[in-house]
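Topology and contacts: notes
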Amino acid sequence: MHIEVKNLNKNFGSFHAIKDVNFSITKGHLVGLIGPSGGGKTSILRMLSGLESPTTGDIYFDGKLATHLPVQERGIGFVFQSYALFKHMTVFDNVAYGLKVLKKPKEFIHDRVTYLLNLMGLAGNERKYPHQLSGGQRQRVAFARALAPEPQLLLLDEPFAAIDAKIRKELRLWLRNLIDEFKVTTLFVTHDQDEAIEVADEIILVQGGKIEQQGSPWEIYTKPASSFVASFIGESNVISQYTPLVGFPYLDEIQQDGKWLPDVNVLIRPEAIEVRPHDVSHLATAGEKGKVTHVHFRGDSWYLEIDTGAIKLFAYQSVKEKIYQPGDDVNILIHQISVFTKTENIVIENQAKQDPLPVFI
Ligand SMILES: Nc1ncnc2c1ncn2[C@@H]1O[C@H](COP(=O)(O)OP(=O)(O)OP(=O)(O)O)[C@@H](O)[C@H]1O
Ligand SMILES: [Mg+2]
């Protein structure tokens, strides 16, 4: 189902929670709705579901006005953070519930529930009750129950929030494959930006009741619309003052009379920083000198904290490369920075890298 939301507003008493929100979701896409706590994610989801009415604005399903359609006529499947399974019903009866409400024939219900439980890796658990399952299994039952009546739209509100990190990572890939299999339009609320980047076709980032940015994970990561988006998605070094970095002279946009303009942030992604031993002398033409202050092991990489004297940065180093110790002198090459002013986002490549000298071996 294609979804369109136009000029959506929601007031709770005098509090303006959702402010003129507009977006659309392509049929069959999985869209991640992310943002800080209290941003308005659940409120948007509840208005799409019909559990809450917008104060103003409209919702269209496949081009048809659906703003005030009753919940049961919307063809929506829900999965929420708390498992919300029927405790007194078996796994089979939980999944069969929506089909019984629709008065489907017994044989049809049996076949559909069996098919879904197989697909979810839950075959053999039909007669168990929710309390006899693990958290991950319970959440898979919740998905089976939501998908059983073939919904046109799946609304997921932090479905993996109560599940531990490792299982959660497995479940996100599982979810992506599931959505591909069912081709059901899905809106997926998550606090976890990594989860959204990995599974979503598109991301909508909301903050303070407004959409900060909508785009593919790649677009949002590489072309964040604001320093808020850049720091929310992925990791960044955020610098609000610096002396010019080698290769990045002061820009007219960010300074006036030698002074930094207010509301300017420079963001440097850790992957834009290369760290080399200080005796790689030719790097000095395009790089900064720095000292390693802290080293943390991250399994597949080292997390390095570096002080250049003017700024402090963090960067990653592959475990296959040289191991640094606190106190080591290094040369660092910053490939790219993003400058955010009040009105602009300017991505700047290191200009000193254009030197005829070879920069890297
Ligand atoms: N029924 C309500 N009455 C009054 N205020 C509400 C109600 N529901 C939500 N709000 C307020 O609206 C804002 C958005 O809430 P919402 O639950 O949509 O945020 P969220 O992005 O889902 O947050 P979280 O990530 O913590 O779940 C919050 O400030 C919240 O306090
Ligand atoms: Mg919420």
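The sections below set out a description of the structure shown in this document. Computed from a predicted structure; not experimentally measured.

About the cut-offs
- Residues numbered from 1 in each chain as written.
- Chains lettered and ligands numbered in written order.
- Predicted model: local features only at pLDDT ≥ 70, side-chain atom pairs only at ≥ 80, totals over all residues.
- Heavy atoms only, no water.
- Helix = DSSP H or I, 4+ residues; strand = E, 2+ residues; numbered from the N terminus.
- Buried < 20%, exposed > 50% of the residue type's maximum accessible area, 1.4 Å probe, protein only.
- Contact = heavy atoms within 4.5 Å.
- Phe/Tyr/Trp six-rings, centres within 6.5 Å; stacked < 30°, edge-to-face > 60°.
- Lys NZ or Arg CZ within 6 Å of the ring centre and 35° of its normal.
- Salt bridge = Lys/Arg side-chain N within 4 Å of Asp/Glu carboxyl O.
- Near = heavy atom within 4 Å.
- Polar contact = N/O pair within 3.5 Å; in protein donor to acceptor, adjacent residues only side chain to side chain.
- Areas by Shrake-Rupley, 256 points an atom, 1.4 Å probe, with all protein chains shown as cover.
- Nonpolar A, V, L, I, M, F, W, Y, C, P; charged D, E, K, R; others polar.

Quick look at the side chain of S49
Position of S49 among the secondary structure elements: in helix α1 (residues 41-49). When its relative accessible area of 1% is taken as the criterion, S49 is described as buried. For S49, the contacting residues outside a window of four places in its chain are V71, R74, I76, F78 and L155.

Examining the packing of aromatic side chains
Taken as a whole, this structure holds 10 aromatic pairs when the rule is applied. Seen in terms of ring centroids, Y303 and F314 are 5.2 Å apart; in terms of plane orientation they differ by 20 degrees. Their pairing is stacked. Placement of the pair is Y303 in strand β17 (residues 301-307) and F314 in strand β18 (residues 312-318), with a sequence separation of 11 residues. Residue Y303 shares its accessibility class with F314, and that shared class is buried. In this structure an aromatic cluster arises from ring pairing among F143, F160, W174 and F188. In this arrangement the basic side chain of K104 is found over the ring face of F108, its NZ or CZ atom lying 5.6 Å from the centre.

Some words on the pattern of salt bridges
Following the criterion strictly, the structure yields 14 salt bridges and no others. Its salt-bridge partner being K291, residue D329 comes within 3.1 Å of it at the nearest N-O pair. Residue D329 is found in strand β19 (residues 329-334), and its partner K291 is found in strand β16 (residues 288-297); the two are separated by 38 residues along the sequence. On the accessibility criterion, K291 (38% relative accessible area) is partly exposed. One continuous salt-bridge network, built from bridges that share partners, spans R168, R172, D192, E195 and E198.

Comments concerning helix α2 (residues 91-101)
V91, F92, N94, V95, A96, G98 and L99 are the residues of α2 that are buried. Turning to α2, the residues buried within the fold contact α3 (106-119) and α4 (135-147). A positive backbone phi angle near 55 degrees is found at K103, which sits one or two residues after α2.

What about the site of ligand 1?
Inspection of the region around ligand 1 gives F12, F15, A17, P36, S37, G38, G39, G40, K41, T42, S43 and H191 as its neighbouring residues. In the model, an oxygen atom of ligand 1 is placed 2.8 Å from a nitrogen or oxygen of the G38 main chain. A distance of 2.6 Å is found between an oxygen atom of ligand 1 and a side-chain nitrogen or oxygen belonging to S43. Notes on ligand 1: free accessible area 640 Å², of which the protein chains cover 60%. Breaking the shell around ligand 1 down by element, the ones donating at least two residues are β2 (15-25) and α1. In terms of residue count, the dominant contributor to the shell around ligand 1 is α1 (3 residues). Tallied by class, the residues present in the shell around ligand 1 amount to 4 nonpolar, 7 polar and 1 charged.

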